[in-house]
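# Structural overview
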Amino acid sequence: MLSVIIVDDERGIIELIKNLTDYSAIDIQIVGEAQNGLDAFDLILEKRPNFVITDIRMPGMSGIELIEKTHNVLPEILFAIISGYRDFEYAQSALKFGVIDYLLKPIKKNELNELFSSINERVTHKENNNREIEHIKTRLDSSNRMIRRRFMQDLLKRDFHHEHELAGLFHVEGENFCVVLVKLDYAGANEMSLTSITETICERFFNKLKNDCFDIEMLCRDSIGYFVMNYSGSLHESLPRKREYLNELLKASPNQYELYHITIAIGKNVSNPSEIYASFKTAVTALQQRIDFGLGKAYSYESLPKERIEDRGVPPQSDMVRILSCVESMDVSQTTGLIRKIIFEYAAAHPSGLFALYRLCYLIIKKIYEHISQLITEYEPNINLLEIRDRLLGCFTISMLEMCITDLVKDVINEMSSVIETQESSSIRQTKKYIRLHYSESITLESIAKEVFLNPNYLSTLFKKETGSNLIEYLTEVRVDESKKMLRETSGSISEIACSVGFSDAKYFSKVFTKFVGIKPIDYRNFYA
């Protein structure tokens, strides 16, 4: 709708314009009237109309002065001038302030409504353009936020690209970078997804931190909020001070989220974007302290005693070998039993250093995934290491850690079993096809396994299970069968035939042929000649 203010020192002119306006044909509303420039300016500031139609000669402030003063404050407002012939040249001087048209007295109905119609189309077009621009801007802002968060997730997985990419997405200005974690631990009886609640709570900390740095981004994954911030050591608060005010914010409303324990962990300060992953790892170490010292606190890596930041929690090599052997056999019970043994033995030996259990469990599951990937080279697990870390960090007791890693192991073995079931027959078919096509070449178990994306030992075991014979025996059978065909159908020498089917030594070929067929190659040829 076109909103209009009419300004004229003659009341009769104002009433005339209102009466001549065709409200049925034009979507228009007269939102104000004034009889002098001073009142008109105040009214314009209050109503902010799309369009003002004003006389030139008025007491207090002329129409030209009104247009100029308004243009300096609200340049988007459109003006038209009511002018007599004697003021025409004077009115032209107002064109530089955005006056788009004029009406000569006496005002005619058709000219007035044509002006209103033209202005209405112009305003409507501009409003539509503005809405489209805002829509595009909103989409770009949303897209940029998604890209920032995806880039941030890469940083937390150590997939750092280039500093210029970071600078293109973030306001990189200060020499300090730091990762902060906000962890929600649910105190209720039932498990539930905490992502939306985590985002709501983390917004409080985000709003606090964003005023104390150049730039900050937040990523929420289930019950953990990840913050990456860039700040200046001289312009912003130090990390110890950040910890203090975050802790104050944490304690400000203890009953607001009584079903959740909120823990804050601050990583170490780093000076280069490529070191953000290092800050993230130290924030994880700080967060792990809650298994020893309790939930609902703010922990800072840089304030931890040295003995609590050293790498510990490595699974014993002998136990790890047994675990991987059980995984390879897809024995869930034996695998989880061994892991429980490692966890509880470590906890008993280090009662005041339980935080290292997180690393121990993480390394166990990481080694299991790596081992399966070696057995089935084209296997891609459905869960990445950041998600594994998230799930482990969701635990704050030994029993929760034990249950978590047990579930992870069950998931990965079941997934492995499913992959093998779908791949077994396909892998054997591919293996047989490859051998039939390349039997004349110098192929080995290793070269065949590479072609079908399996570990050589695993392929050998799988082939024996599926076919009843080992893979090398099958290769030899194919070669002997092809040599029988050549002995029957060609006149090539025994040595030439041996070479053609993949044997480099004629005597060895004759020995193998006799073993498989029961007679020597020359006798076979004479019999079928």
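Residues numbered from 1 in each chain as written. Predicted model: local features only at pLDDT ≥ 70, side-chain atom pairs only at ≥ 80, totals over all residues. Heavy atoms only, no water.

### Some words on the environment of Leu-487
Looking at the secondary structure, you find Leu-487 in helix α18 (residues 471-489). Here the alpha-carbon distance between Leu-487 and Ile-522, two residues 35 residues apart in the chain, equals 8.3 Å. Those residues in contact with Leu-487 that lie beyond four places of it in its chain are Ile-494, Ile-497, Phe-513, Pro-521, Tyr-524 and Arg-525. (Helix = DSSP H or I, 4+ residues; strand = E, 2+ residues; numbered from the N terminus. Contact = heavy atoms within 4.5 Å.)

### Digging into the packing of helix α11 (residues 317-328) against helix α13 (residues 356-375)
Relative orientation of the contacting elements α11 and α13 amounts to 50°, with a least axis distance of 10 Å. When the interaxial angle is binned, α11 and α13 end up oblique. The two elements α11 and α13 cross, and the hand of that crossing is right-handed. In this structure, α11 uses Met-320, Ile-323, Leu-324, Val-327 and Glu-328 to contact α13, whose residues at the interface are Ile-364, Lys-367, Ile-368, His-371, Ile-372 and Leu-375. Partitioned by chemical class, the residues of the contact of α11 with α13 number eight nonpolar, one polar and two charged. (Axes fitted to C-alpha atoms, helices over the stretch in contact; angles between N-to-C directions. Parallel < 35°, antiparallel > 145°, perpendicular 65-115°, else oblique. Left-handed = near helix turned anticlockwise from the far one by under 90°. Nonpolar A, V, L, I, M, F, W, Y, C, P; charged D, E, K, R; others polar.)

### A closer look at the sheet that holds strand β5 (residues 99-104)
Here we have five strands laid out as an open sheet, ordered β2-β1-β3-β4-β5, and parallel in their pairing. Looking at the sheet topology across the chains shown, the edges are occupied by β2 (28-34) and β5. The sheet shows a mean angle of 20° between the axes of neighbouring strands, direction not considered. With respect to the sheet, helix α2 (residues 37-47) is in contact with β1 (2-7), β2, β3 (51-55) and β4 (78-83), its orientation differing from that of β2 by roughly 140°. Against the sheet, helix α3 (residues 63-73) contacts β1, β3, β4 and β5, and its axis sits at roughly 175° relative to β4. (Pairing = 2+ DSSP bridges.)

### Things to note about the environment of Ile-372
Mapped onto the elements, Ile-372 comes out in helix α13. The class for Ile-372 is buried, based on a relative accessible area of 0%. With 40 residues separating them in the primary sequence, Ile-372 and Val-412 have C-alpha atoms 9.0 Å apart. (Buried < 20%, exposed > 50% of the residue type's maximum accessible area, 1.4 Å probe, protein only.)

### Description of the side chain of Ser-223
Tracing the backbone shows Ser-223 in the loop between β7 (215-221) and β8 (224-231). Sequence-distant contacts of Ser-223, defined by excluding residues within four places in its chain, comprise Val-182, Lys-183, Leu-184, Leu-194 and Thr-198.

### Thoughts on the packing of aromatic side chains
Scanning all chains against the criterion turns up eight aromatic pairs. When the centroid spacing of 5.9 Å and the interplanar angle of 55° are considered together, the rings of Phe-503 and Tyr-508 count as tilted. Taken together, a centroid distance of 5.3 Å and an interplanar angle of 50° make the contact between Phe-503 and Phe-509 tilted. A single burial state applies to Phe-503 and to Phe-509, both of which are buried. Aromatic rings pair up to connect Phe-503, Tyr-508, Phe-509, Phe-513 and Tyr-524 into one cluster. (Phe/Tyr/Trp six-rings, centres within 6.5 Å; stacked < 30°, edge-to-face > 60°.)

### Concerning helix α7 (residues 195-210)
End to end, α7 covers 21 Å across 16 residues, agreeing with the expected 22 Å (1.5 Å per residue, within 8%). Of all the bends in α7, the greatest measures close to 30° and is centred on Cys-202. For α7, the complete set of buried residues consists of Ile-197, Thr-198, Ile-201, Cys-202, Phe-205, Phe-206 and Leu-209. (Expected span 1.5 Å × (residues − 1). Bend = angle between axes of the 7 residues up to and from the residue.)

### Things to note about unusual backbone geometry
Across the junction of Lys-105 and Pro-106, the peptide omega takes the value -5°, indicating a cis bond. Looking at the element boundaries, Pro-106 is found in the loop between β5 and α5 (109-156). Notably, Met-330 is not glycine yet its phi reads approximately 60°, a positive angle. Take Met-330: it is sitting in the loop between α11 and α12 (332-349). Looking at Met-330, the relative accessible area reads 32%, which means it is partly exposed. The phi torsion at Phe-453 lies on the positive side, around 60°, for a residue other than glycine. Mapped onto the fold, Phe-453 is located in the loop between α16 (445-451) and α17 (456-467). For Phe-453, a relative accessible area of 39% corresponds to the partly exposed category.

That is the geometry; function is a separate question.
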